[in-house]
Amino acid sequence: MDPHQHNQAQHSKHESWSGTDSPGSTKVGYSGPMSGPLVTNKTRNSSKKSARFKDQNDYVEITLDVRDDAVSVQNIIGAGDQETALLASRLEQQPRASLGSQLSFRLKQVSQELRRITSSNGAGGVRAFDKVDRSKSGAARALKGLKFITRSTVGSGEDWSEIEKRFEALAVDGSLPKSQFAQCIGMKESKEFASELFDALARRRGVESNSISKQELRVFWEQITDQSFDARLQTFFDMVDKNLDGRITEEEVKEIIALSASANKLSKIQESAEEYAALIMEELDPDNLGYIELYNLETLLLQAPSQSANLATDSRVLSQLLSQKLVPTKERNPIKKCFKGLTYFVEDNWKRIWVMALWIAVCAGLFAWKFIQYKDRAVFDVMGYCVTTAKGAAETTKLNMALILLPVCRNTITWLRSNTKLGAILPFDDNINFHKVIAAGVAIGVGLHAIAHLTCDFPRLLHATDAEYEPMKQFFGEKRPPNYWWFVKGTEGWTGVTMVVLMTIAYILAQPWFRRNRVNLPRFLKKLTGFNAFWYSHHLFVIVYGLFIVHGYVLFLSKEWYKKTTWMYLAIPILLYACERLVRVFRSGYKSVKILKVAVYPGNVLSLHMSKPQGFKYTSGQYIFVNCSDVSPFQWHPFSITSAPGDDYLSIHIRTLGDWTAQLKAVFSKVCQPASVDQSGLLRSDAEQANNKPRMPKLLIDGPYGAPAQDYRNYDVLLLVGLGIGATPLISIVKDVLNNIKQMKEIEDGEMEGGVKTNKNKKPFATKRAYFYWVTREQGSFEWFRGVMNEVAEYDHDRVIELHNYCTSVYEEGDARSALITMLQALHHAKNGVDIVSGTQVKTHFARPNWRNVFKRVAVNHVNQRVGVFYCGAQGLTGELRRLSQDFSRKTTTKFDFHKENF
């Protein structure tokens, strides 16, 4: 909402009229010239125009508020009956194109009719008519709100031809059944709401049948797509007022709340519909009449929310200028366009580029070196380029089999990330991606080596003449190999074939389609896929490396020990990796933790609070590996830490997504009990409160390990974006920033050792501002971190942390399906300070954020600063956030550094 739209609309009259041509409405004709001057007071964004018409010594004065996209009637003095009100609403229906030249024309049209009205009233009947004030914030919300057809329904919203096509497809004997109405108008996801809308439209027009003709559908369609707010308000009122008596009772309010909650998948609001209906009646029926009328509902709809979901910048002018700067410019010169694109690519990916370039260069150099070496040997005369290709590929495979272990040495990488400056030139965040790239290199090398040997080298040797075989005797023996099987059954052959088979199994099961069970397979094959299959198949690497060393030692064409270089490549990486595993085993052995609290939340989320092992130090954003012997004694799974370093406990939140996590949740659910009224979650078990505490499953932890989010301390400004369970590492950061706020407050108040800072060598906390955006599609998800949200709202008086919760199951602001939820949210938060969607003190926004507006706002508020953007969640949003970070960094003075972690 723009800054100038901040004043709440004041309502001075209880009549509100629909300006549509629907059946039953009064049509008023306009004719005659306009008499009297038109006075205009122009401002930057709007102009107020007044016109006076003198008739029989009485004046009729109209004051209009002309804005960018609407004309609103500020006041009419001089006649006040129903026809005047209808004229006022007519004036507000003008589209953008009519605001200039047609404004005067429209005023002329109503001139004569106003004379007729005033003359019929007579001198004694003239009174001031004050239409409900829809200026500024109220008008803006009214014109944009309570829409039944939005982008979330039929796209562009008002294309009758599309509706007509659907009618033809869904009609039965020329009529559209009520059951197909939702599908026809584009509300197939809200069939119950569409059914009530159908009933309301039918009642207003006297339609008693459960099916309608195309002409009746056209009338219905025109009504629900009417641009007049009064028409939309009347339709919404009719949905509630089922007996058409012009009054809404508390029971009818309860029904529409339950209907709106159901349409938006808000089960908790649906359960409390009676309580919220009483709240609305208390607000709108202060005289305890037992009902509310249309003007009461309008009053509630036109109230501006205290915190709009459409974020505004601190300066509208800056916002407009920034928007203009960010308009993409097209480069016509193809050479300059390519050069600019290449420059941006290098700027964004230079760390990856130099690492990949070095790796490719080394691989190419080793391949060329071995290729040339074997080309000069006698074996080339028999096997030709087949043997040179096989040996070149084997040399690159040795290197890659050594390198592939390094990106998964988590302790080493964490130490390098935390204690050295190598992060400035090495992309530590891409360690798993580099592991995958090297795996592809191994696959290519093994493929070339195996194919060249099996399909070319061995057949050539078998068909070589005696003269050609003579130099080969020193490698293959005096007697020529009798057949192809001789090569395969030898140590060199079976070790190679076994390695290829095991590598193929591990490589296939590691692909996302099989690891995440995305492929529809028969049931007996589906059991062989999934994360467990990936985990166990990947640990076949122990066998593979053993066979690889044997295979590299018993070579056909090299007999000298110093030419058998496989062990030389592998010695240091295997030793380093073995030490890593020993450290993990030793560390996890004494890091058995005590379970302090268990909670099972909606959305299949398990929360575990554990005792912090002695000497366990970590940074927010890092993760740990967890082992539960009751589920599997061998499997270790990574989870982000959700507690802050300053907390006296360690916590993780685990969402059930696979077989192991499902079993873990089941094991802990057995020791839990239903939560009490004052507790969050569905099931809980608190160690300090349980009288007959059951045996808790034993947990081992290993870590902490470095992650992209841990670099947040390097930035003064943070933009944290969490998608669903991806909020877990970011919650730890929010808590750490909050703990720092508390600590600073204690120091200022002199409560910490007389106000003297105890650790002067501690690195100062860089973060001065944090924006946290949490997007989830389930209302119950907000229970996961309800305590953190409330704690931030309670202690962060200086607004260092700005929290924004988004529930995507709720339709966007302006949609009629969420209008009542918006009203109810504003009422409940104003009265109780608690949001009805999240159950926290933080108000929830609806639908998805406009990420460009989010970045724009941060850029305007933090000019010439560097912002750390940390995203954790599904892969889908990564591309958009990265592009926005790059776009705003290039076109503004604010620099956005993007970091991501995908679940």
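Residues numbered from 1 in each chain as written. Predicted model: local features only at pLDDT ≥ 70, side-chain atom pairs only at ≥ 80, totals over all residues. Heavy atoms only, no water.

Enquirer: Describe the overall build of the chain, naming the residues involved and giving the relevant values.
Expert: Check the secondary structure of the chain and you find 34 helices and 24 strands. Expressed as a percentage of its 903 residues, the buried residues of the chain come to 50%. In the chain, 73% of the contacts between residues at least 6 apart in sequence involve partners at least 24 apart. Total accessible area computed for the chain in this model is approximately 43,600 Å², and 55% of it derives from carbon and sulfur atoms. (Helix = DSSP H or I, 4+ residues; strand = E, 2+ residues; numbered from the N terminus. Buried < 20%, exposed > 50% of the residue type's maximum accessible area, 1.4 Å probe, protein only. Contact = heavy atoms within 4.5 Å. Areas by Shrake-Rupley, 256 points an atom, 1.4 Å probe, with all protein chains shown as cover.)

Enquirer: Before we move on, could you go through the environment of Asn 433 and cite the residues and values that matter?
Expert: With respect to the secondary-structure elements, Asn 433 resides in helix α19 (residues 431-462). For the pair Asn 433 and Pro 407, spaced 26 residues apart in sequence, the C-alpha separation works out to 8.8 Å.

Enquirer: An account of the environment of Phe 487 is requested, with residue identities and associated values reported.
Expert: With respect to the helices and strands, the residue Phe 487 is situated in helix α22 (residues 484-489). Given a relative accessible area of 1%, Phe 487 falls into the buried group. With 29 residues separating them along the chain, Phe 487 and Phe 458 place their C-alpha atoms 7.5 Å apart.

Enquirer: For the sheet that holds strand β23 (residues 866-873), give the residues involved together with the corresponding values.
Expert: The strand order across the open sheet formed by 6 strands is β22-β21-β20-β19-β23-β24, and the pairing between neighbours is parallel. Single-partner strands in this sheet number two, and they are β22 (844-846) and β24 (895-902). Geometrically, the sheet is characterised by an average inter-axis angle of 20 degrees between neighbouring strands, direction not taken into account. By the bridge criterion, 3 bridges tie strand β21 (residues 801-807) to β22 in an arrangement that is parallel. In the sheet register, Asn 805 faces β22, and the bridge partner there is Thr 844. Its contacts with the sheet place helix α31 (residues 786-795) against β20 (769-776) and β21, and it is angled at close to 140 degrees to β21. Along the sheet, helix α33 (residues 851-861) contacts β19 (717-723), β20, β21, β23 and β24; its crossing angle with β20, the most-contacted strand, is approximately 175 degrees. (Pairing = 2+ DSSP bridges. Axes fitted to C-alpha atoms, helices over the stretch in contact; angles between N-to-C directions.)

Enquirer: So what's going on with the sheet that holds strand β18 (residues 699-705)? Residues and values would help.
Expert: The strands making up a sheet are joined through hydrogen bonds of the backbone, oriented either antiparallel or parallel. If you trace the 4 strands from one edge of the open sheet to the other, you get β10-β18-β13-β14, paired in antiparallel fashion. Edge positions in the sheet fall to β10 (592-593) and β14 (637-640), since each has one partner strand and no second. Packed onto the sheet, helix α18 (residues 410-419) meets β13 (623-628) and β18 and runs at close to 40 degrees relative to β18.

Enquirer: Talk me through the pairing of β23; I want residue IDs and the actual numbers.
Expert: In terms of residue burial, β23 counts as a mostly covered element, since 7 of its 8 residues are buried. Of the pairings in the sheet, the one linking β19 to β23 comprises 6 bridges and is parallel in character. Directly across from Gly 722, in β23, lies its bridge partner Cys 872. Strand direction decides the pairing type here: β23 and β24, joined by 8 bridges, are parallel. Each residue of the ladder has a partner; that of Tyr 871, found in β24, is Lys 900. Each parallel crossover has a hand, and the one from β23 via helix α34 (residues 878-891) to β24 is right-handed. (Right-handed = clockwise from strand over helix to strand, strands pointing away.)

Enquirer: Kindly report on the packing of helix α7 (residues 191-205) against helix α8 (residues 214-224), identifying the contributing residues and their values.
Expert: Two elements in contact, α7 and α8, have axes separated by 11 Å at closest approach and are oriented at 110 degrees. Considered as vectors, α7 and α8 are oriented roughly perpendicular to each other. Here Leu 197, Phe 198, Leu 201, Ala 202 and Arg 205 of α7 come into contact with α8, specifically with Val 219, Phe 220, Gln 223 and Ile 224. Grouping the constituent residues of the contact of α7 with α8 by class yields 7 nonpolar, 1 polar and 1 charged. (Parallel < 35°, antiparallel > 145°, perpendicular 65-115°, else oblique. Nonpolar A, V, L, I, M, F, W, Y, C, P; charged D, E, K, R; others polar.)

Enquirer: Kindly report on unusual backbone geometry, identifying the contributing residues and their values.
Expert: A cis amide bond links Gly 703 to the next residue, Pro 704, at an omega of 5 degrees. Note on placement: Pro 704 falls in strand β18. Within the chain, Lys 265 stands out as a residue other than glycine whose phi angle is a positive 60 degrees. Along the chain, the position of Lys 265 falls in the loop between α10 (250-263) and α11 (267-271). Even without being glycine, Ala 847 reaches a positive phi, approximately 65 degrees. You can see Ala 847 is positioned in the loop between β22 and α33. Among the residues examined, Ala 847 registers a relative accessible area of 16% and is labelled buried.

Enquirer: Can you tell me about helix α12 (residues 273-284), naming the residues and giving the values?
Expert: Taking 1.5 Å of rise per residue, the 12 residues of α12 would be expected to cover 16 Å, and the 16 Å separating its terminal C-alpha atoms lies within 8% of that figure. Looking at α12, one finds that the buried residues are Ala 273, Tyr 276, Ala 277, Leu 279, Ile 280, Met 281 and Leu 284. (Expected span 1.5 Å × (residues − 1).)

Enquirer: Help me get a handle on the packing of aromatic side chains, residues and values and all.
Expert: Inspection of the entire model under this criterion finds 25 aromatic pairs. Note on Phe 181 and Phe 198: the rings are 5.2 Å apart at their centroids and 70 degrees apart in plane angle, and the pair reads as edge-to-face. Here Phe 198 lies in helix α7 and Phe 181 lies in helix α6 (residues 181-185), a separation of 17 residues in the sequence. When sorted by exposure, Phe 181 lands in the same class as Phe 198, which is buried. An angle of 65 degrees between the planes, with centres 5.9 Å apart, marks the rings of Tyr 773 and Trp 851 as edge-to-face. Here Trp 851 lies in helix α33 and Tyr 773 lies in strand β20, a separation of 78 residues in the sequence. Of the residues examined, Trp 851 reaches a relative accessible area of 5% and is grouped as buried. Three or more aromatic residues joined by ring pairs make a cluster, and in this case those are Phe 367, Phe 371, Phe 380 and Tyr 385. (Phe/Tyr/Trp six-rings, centres within 6.5 Å; stacked < 30°, edge-to-face > 60°.)

Enquirer: So what's going on with a nonpolar patch on the surface? Residues and values would help.
Expert: A surface patch of nonpolar side chains, amounting to about 850 Å² of accessible area, comprises Leu 342, Phe 345, Val 346, Trp 350, Ile 353, Trp 354, Leu 358, Val 362, Leu 422 and Ile 425. Within the secondary structure layout, Ile 353 lies in helix α15 (residues 334-375). (Patch = residues over 30% accessible without salt bridge, like charges linked within 9 Å, V, L, I, M, F, W, Y side chains within 5 Å. Salt bridge = Lys/Arg side-chain N within 4 Å of Asp/Glu carboxyl O.)

Enquirer: An account of the state of the cysteines is requested, with residue identities and associated values reported.
Expert: This structure, assessed with the given rule, holds 1 disulfide. One disulfide bridge connects Cys 386 with Cys 456, the sulfur atoms lying 1.6 Å from each other. Residues Cys 386 and Cys 456 are joined by a disulfide whose S-S torsion is about 55 degrees; by sign, that bridge is right-handed. Residue Cys 386 is found in helix α17 (residues 385-403), and its partner Cys 456 is found in helix α19; the two are separated by 70 residues along the sequence. Comparing Cys 386 with Cys 456, the two get one shared label, buried. (Disulfide = S-S within 2.5 Å.)

Enquirer: Please give an account of empty space enclosed by the protein that cites residues and values.
Expert: Evaluation of the coordinates by the stated rule reveals 9 cavities of 30 Å³ or more. If you add up the space inside the second largest cavity, you get close to 70 Å³. Taken together, Phe 236, Val 240, Ile 248, Val 253, Ile 256, Ile 280, Ile 292, Leu 297, Leu 300 and Leu 820 form the lining of the second largest cavity. Taken together, the elements giving at least two residues each to the lining of the second largest cavity come down to α9 (229-240), α10 and α13 (294-301). Of the residues assigned to the lining of the second largest cavity, the class counts are 10 nonpolar, no polar and no charged. (1 Å grid on protein atoms, 1.4 Å probe; cavity = no way out; pocket = protein on both sides within 12 Å on 5 of 7 lines; lining within 4 Å. Points joined across faces, edges and corners; volume = space filled by probe spheres on them.)

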